[in-house]
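So the chains spell out like this:
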Amino acid sequence: MSNPQWQQFLQTFVSPNHGDIKPPFSGSETVICDLSHLGLLQIDGADAFNFLQGQVTNDIKQLNGSAAHYTGYCNPKGRMLALFLAFAYQDQIYLQMPKELVEAVAKRLKMYVMRSKVVIQDISDRMIRIGLSGPKAEELLGTLFSKVPQNDYELVSLENTRLLKLPSQHGRFEIFTDINQAQSIWTSLATDVNITDTNHWEWLEIQAGIPDVVTATQEEFVPQMLNLDLIGGINFKKGCYTGQEIVARTHYLGSIKRRTYLAHLDHSSQPKAGDNVLNGANETVGKVVRSAAVPNGSGYDLLAEIRCESIENHPLSVNGNTLSIQSLPYAL
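Given the structure is predicted, the values throughout are model-derived calculations rather than measurements. (Residues numbered from 1 in each chain as written. Predicted model: local features only at pLDDT ≥ 70, side-chain atom pairs only at ≥ 80, totals over all residues. Heavy atoms only, no water.)

Caption draft 1: Main features of the environment of Ser 324. With respect to the helices and strands, Ser 324 occurs in strand β17 (residues 321–325). When its relative accessible area of 35% is taken as the criterion, Ser 324 is described as partly exposed. Considering only alpha carbons, one finds Ser 324 and Asp 301, 23 residues apart in sequence, at a separation of 9.4 Å. Excluding its chain neighbours within four sequence positions, the residues that come into contact with Ser 324 are Leu 262, Ala 263 and His 264. Here the side chain of Ser 324 touches Gln 326 through a polar contact of 3.0 Å, side chain to side chain. (Helix = DSSP H or I, 4+ residues; strand = E, 2+ residues; numbered from the N terminus. Buried < 20%, exposed > 50% of the residue type's maximum accessible area, 1.4 Å probe, protein only. Contact = heavy atoms within 4.5 Å. Polar contact = N/O pair within 3.5 Å; in protein donor to acceptor, adjacent residues only side chain to side chain.)

Caption draft 2: Looking closely at the nonpolar core. Within the largest apolar cluster, 44 residues are counted, with the highest numbers of intra-cluster contacts made by Tyr 70, Met 80, Tyr 94, Leu 164 and Leu 226. Broken down by element, this core gets its largest block of residues, five residues, from strand β4 (residues 80–89). Look past the residues within four positions of Met 80 in its chain and what remains in contact with it is Gly 72, Tyr 73, Cys 74, Val 213, Thr 217, Gln 218, Glu 219, Phe 221, Val 222, Pro 223, Leu 226 and Leu 228. Residues Ile 32, Val 156, Phe 173 and Val 193 belong to the second largest nonpolar core, which totals 26 residues. (Core = buried A, V, L, I, M, F, W, Y, C linked by side-chain atoms within 4.5 Å.)

Caption draft 3: Just the state of the cysteines, in detail. Applying the stated criterion across every chain, the model contains zero disulfides. Not engaged in a disulfide, the cysteine Cys 74 finds its nearest cysteine sulfur in Cys 240; these two sulfurs lie 14 Å apart. (Disulfide = S-S within 2.5 Å.)

Caption draft 4: Broad picture of the sheet that holds strand β15 (residues 300–307). As summarised here, the arrangement of the six strands in space is β12-β15-β14-β13-β16-β17, forming a closed barrel in which the pairing is antiparallel. Sheet analysis places strand β12 (residues 258–265) next to β17, joined by three bridges and oriented antiparallel. Within β17, the position partnered with His 264 by the bridge is Ser 324. Against the sheet, helix α6 (residues 198–207) contacts β12, β14 (284–293) and β15, and its axis sits at roughly 130° relative to β14. (Pairing = 2+ DSSP bridges. Axes fitted to C-alpha atoms, helices over the stretch in contact; angles between N-to-C directions.)

Caption draft 5: Examining the pattern of salt bridges more closely. Summed over all chains, the structure comprises nine salt bridges. We note a salt bridge from Arg 290 to Asp 212, for which the minimum N-O separation is 3.7 Å. Remark: Asp 212 occurs in the loop between α6 and α7 (244–253) and Arg 290 occurs in strand β14; sequence separation between them is 78 residues. Glu 245 serves as the salt-bridge partner of Arg 249, at 3.1 Å between the closest nitrogen and oxygen. In this pair, Arg 249 and Glu 245 are both assigned in helix α7, four residues apart and thus about one turn of the helix distant. On the basis of relative accessible area, Glu 245 is assigned to the exposed category, the value being 55%. Each member of the salt-bridge network shares a partner with another, and the members are Glu 202, Asp 212 and Arg 290. (Salt bridge = Lys/Arg side-chain N within 4 Å of Asp/Glu carboxyl O.)

Caption draft 6: Summary view of unusual backbone geometry. Backbone geometry at Asp 91 places phi at a positive 65°, although glycine is not the residue there. Topologically, Asp 91 is positioned in the loop between β4 and β5 (92–98). According to the relative accessible area criterion, Asp 91 is exposed, its value standing at 63%. Even without being a glycine, Asn 227 presents a positive backbone phi close to 65°. Within the secondary structure, Asn 227 sits in the loop between α6 and α7.

Caption draft 7: Seen up close, the layout of surface pockets. Here the largest pocket defines a volume of roughly 400 Å³. Along the wall of the largest pocket there are 25 residues; nearest its centre are Ser 168, Gln 169, Gln 207, Ala 208 and Pro 329. Residue contributions to the lining of the largest pocket peak at four residues, all from α6. Looking at the lining of the largest pocket residue by residue, the class counts come to 13 nonpolar, 10 polar and two charged. In this model, the second largest pocket occupies a volume close to 320 Å³. When residues of the lining of the second largest pocket are traced back to their parent elements, those giving at least two are α3 (99–111), α6 and β14. A total of four residues in the lining of the second largest pocket trace back to one element, the largest contributor, which is β14. Here the residues of the lining of the second largest pocket are counted per class, giving five nonpolar, five polar and five charged. (1 Å grid on protein atoms, 1.4 Å probe; cavity = no way out; pocket = protein on both sides within 12 Å on 5 of 7 lines; lining within 4 Å. Points joined across faces, edges and corners; volume = space filled by probe spheres on them. Nonpolar A, V, L, I, M, F, W, Y, C, P; charged D, E, K, R; others polar.)

In structure tokens form, the structure reads like this:
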């Protein structure tokens, strides 16, 4: 459940005077979005960093309070259970993921705490998260805060608020704050931008080539299948973690046969995460990772994990509808 005080504020705020959600957009507007659909775990305690270091694909000890990164959480076979956006602040580690995964992930992590001094808490409703994206985003943040992050994954910590710059064609930021600060920040920003919904934020993530893991796709992907090595989500020098042997073997053999691609589907029916991607012979060659409606209303954009050799063998389809492969913002 989302923070009721925050949700009540948002319902009160959204009015003709401030601009309701107004899709379709062109995709280039500056937009603000409530990110309550995402969950957040807080990991703290004297052993928090050492504990999590043995659980995830990236180097947790690099989270020094001024940077964030993506990191995978795998089962012993190297199959992903979750993808975290991770950062640290004042010796506490924060892991953001789809809210539907938070309870199960927290339960699984707690199984491995043993005698370590580690406390794992779901703080999804205590820390408010706001997304801001578009050509005016950096300028608007500069009117409210003394410092704004300039580089992707740079984290700026201010009193009761943290600002994180995320990859995007335009400036894209996530604001982490408490309920009292959130209301004033939202009020100041939302009067100058378009208020949008979670679909738009999903579309921005897809355009940035950022994958995801949800309940329907848990244990389907090895991290490299989701391009984690290409977005800085794997550290191959950090030492052992659950599933590390499989992830390292895939890397050092130098033969990654499946990757995640950006694609478009010109159809009125939205594909779901976990839907199969078929080739011309109706063979399953991949799966949908995430999808979102295009802001201008022309179908759906999606990320799909696909066998590399099948990319050139058109047509590829999902639910009987032809996929059009697009260019990712990074090289495969």
